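Here's the letter readout for the chains.
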Amino acid sequence: MMSDFLTTHQTQPPTISVFWYLVIVMVFIGLVTLTLVSYKKDSYRKCFLGLQIFQLLILYGWYLSHHIPLSNSLPFYHCRLAMFALVFLPDRWPLKQYFALLGVSGAAFALGYPVFDPYSFPHITSFSFLLGHYCLLVNGLVYLLRHFGSERLSAGTLVLWTFALDAFLLGVNALTGGNYGLLKHPPIMPDDHIWLNYLVVSGLLSAMLLLIHALFRRGEKRSRRVLETVKAELPID
């Protein structure tokens, strides 16, 4: 029923069986494969941007209409920030490339280890979690495949921005009592070591960003070599 789908009555996070976990992972792999084939198509890009906007509108519409507290309803999760950045920021901004890298890595972490809100399935939060992260994965990959430029961000900048962002999220958590960035209650870690959580979460996220950045930088270099080879083989009048 729609009332259950939109309820604010918290229960327990839904349990994911092995079958449904495999489904989540297979959809992830399928979307990566499809994006590698279809990223040049404007219709594909617009479709997933539209789905992302739809997901954000229904989620924040629910937050506002049901007066969800600021400890959970602010757009300060890593992936949520990346969703807004990929929808609204200009393509040539280094910050958009940062959030594209953050979005791909965040979607991989989130879908590889799903942490749902404490509402019985199906619920708007679990629907938004899955749709939002799948769209974020596609939108991040599409942006990087179409616009990645290694000169925009250095490795040091990626790490610096990640630790700075997480320090900001620590401040937001202190003010709101929230768990933004999973820094207060990260999975499989003690809750009473905030600064350890900060270092571990920021370090793991930085490592993932550097890995994805290195992969796209290698692809960029390969494309340049191919282009230079083609130009060298062209006949000169």
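Residues numbered from 1 in each chain as written. Predicted model: local features only at pLDDT ≥ 70, side-chain atom pairs only at ≥ 80, totals over all residues. Heavy atoms only, no water.

J.: Any details on the overall build of the protein? Residues and values, ideally.
T.: Counting its secondary structure elements, the protein contains nine helices and zero strands. Dimensions of the protein, computed from C-alpha atoms along their principal axes, come out at roughly 75 × 40 × 35 Å. Sorting the 237 residues of the protein into buried and exposed places 40% on the buried side. A sequence separation of at least 24 residues applies to 76% of the contacts in the protein between residues at least 6 apart. Carbon and sulfur atoms form 70% of the exposed surface of the protein, whose accessible area is close to 13100 Å². (Helix = DSSP H or I, 4+ residues; strand = E, 2+ residues; numbered from the N terminus. Buried < 20%, exposed > 50% of the residue type's maximum accessible area, 1.4 Å probe, protein only. Contact = heavy atoms within 4.5 Å. Areas by Shrake-Rupley, 256 points an atom, 1.4 Å probe, with all protein chains shown as cover.)

J.: Outline the pattern of salt bridges, listing residues and values.
T.: Per the counting criterion, the structure on display carries three salt bridges. Across the pair arginine 45 and aspartate 42 runs a salt bridge whose closest N-O atoms are separated by 3.6 Å. Here arginine 45 and its partner aspartate 42 are both found in helix α3 (residues 42–65), three residues apart, which amounts to about one turn of the helix. Taking the relative accessible area as the measure of exposure, arginine 45 reaches 25% and is therefore partly exposed. Each of Asp42, Arg45 and Arg146 takes part in one network of salt bridges that share partners. (Salt bridge = Lys/Arg side-chain N within 4 Å of Asp/Glu carboxyl O.)

Coordinates in, geometry out; function isn't part of it.
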